[in-house]
Amino acid sequence: MAKAAVGSGLLLLREQCRRCAHREGAEGKWGLQSICSPSRFCSTRITLDDINKPVIDRIIRVDHAGEYGANRIYAGQMAVLSRSSVGPVIRQMWDQEKDHLKKMKELVILYRVRPTVLLPLWNIAGFMLGVGTALLGKQAAMACTVAVEESIAVHYNNQIRTLLEEDPEKYKELLE
Ligand SMILES: [Fe+2]
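Residues numbered from 1 in each chain as written. Predicted model: local features only at pLDDT ≥ 70, side-chain atom pairs only at ≥ 80, totals over all residues.

J.: Account for the nonpolar core, naming residues and giving values.
T.: Counting eleven residues, the largest nonpolar core consists of Ala-70, Ile-73, Tyr-74, Met-78, Val-80, Leu-81, Ile-90, Met-93, Ala-134, Ala-141 and Val-148. Put simply, the parts of the chain that give this core at least two residues each are helix H4 (53-81), helix H5 (87-110) and helix H7 (138-166). With six residues, the top contributor of residues to this core is H4. Those residues in contact with Tyr-74 that sit more than four places away from it in its chain are Ile-90, Met-93, Trp-94, Glu-97 and Gly-130. (Core = buried A, V, L, I, M, F, W, Y, C linked by C-beta atoms within 7 Å. Buried ≥ 20, exposed ≤ 12 C-beta atoms within 10 Å, placed from the backbone. Helix = DSSP H or I, 4+ residues; strand = E, 2+ residues; numbered from the N terminus. Contact = placed C-beta atoms within 7 Å.)

Below, the structure is given as structure tokens:
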């Protein structure tokens, strides 16, 4: 395989990139140059050696769990309030959370982070919180949503601060 690679280096590199879910055109989506090599991530110039892995692991694991939990809260609220007047609003916010979770799943793969073992707990607890607040009424459901969004904003601001203190250039993709 190594001999065959000498004449077709690019092909070999693209082959190896499959492990980090390389997709044609991904660099266009993220606006980053695609660098394909065995030791680099495909869509960025980042290598695992370049980053503070424990810090990035912690940030991505917590954020992935948070987005997962938020999705479960909206799923619970929609189970109760989907046909009410606030149904479309909750649906719209849930759609945004689905996008956030999709992005977090991509980062989990890209940075090779092990998701939290507590996901099954967030699955049930998030759904029950959503159902519980929805059963209290539309206002309680929306108050829960506002409280969650506010705490997430504070949480993300703290993480941005941490990454800026580490190295803004190195963590450009995460900061975006
Ligand atoms: Fe979110």
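Anyway, onward from the coordinates.
J.: Summarise the environment of Thr-133; cite the residues concerned and give the values.
T.: Relative to the assigned elements, Thr-133 resides in helix H6 (residues 119-135). Its 24 C-beta neighbours within 10 Å are what place Thr-133 among the buried residues. Those residues within four positions of Thr-133 in sequence are excluded, and the remaining contacts are Gln-77, Ala-140, Ala-141 and Cys-144.

J.: Can you tell me about H7, naming the residues and giving the values?
T.: Look at H7: 42 Å from first C-alpha to last across 29 residues, which is about the 42 Å you get at 1.5 Å a residue. At its buried positions, H7 is contacted by H4, H5 and H6. (Expected span 1.5 Å × (residues − 1).)

J.: Before we move on, could you go through the packing of H4 against H5 and cite the residues and values that matter?
T.: Look at H4 against H5: their axes get within 9 Å of each other, and the N-to-C directions meet at 155 degrees. On the basis of their axis angle, the class for H4 and H5 is roughly antiparallel. Crossing geometry of H4 relative to H5 is assigned as left-handed. Across the interface between the two elements, Ile-60, Asp-63, His-64, Glu-67, Tyr-68, Ala-70, Asn-71, Tyr-74, Gln-77, Met-78 and Leu-81 of H4 pack against Gly-87, Ile-90, Arg-91, Met-93, Trp-94, Glu-97, Lys-98, His-100, Leu-101, Met-104, Leu-107 and Val-108 of H5. Residue composition of the contact of H4 with H5, grouped by class: 13 nonpolar, five polar and five charged. (Axes fitted to C-alpha atoms, helices over the stretch in contact; angles between N-to-C directions. Parallel < 35°, antiparallel > 145°, perpendicular 65-115°, else oblique. Left-handed = near helix turned anticlockwise from the far one by under 90°. Nonpolar A, V, L, I, M, F, W, Y, C, P; charged D, E, K, R; others polar.)

J.: An account of the confidence of the model for the chain is requested, with residue identities and associated values reported.
T.: Atom-level detail of predicted coordinates should not be read off regions where pLDDT is low. Mean pLDDT over the chain stands at 78; residues scoring 70 or higher make up 73%. Confidence scores differ between elements of the chain, with helix H2 (residues 9-16) showing the lowest mean pLDDT of 32 and H6 the highest of 96. The model gives residues 1-40 a pLDDT under 50, and that stretch makes 35 contacts with residues more than four places away or in other chains. (pLDDT = per-residue confidence, 0-100.)

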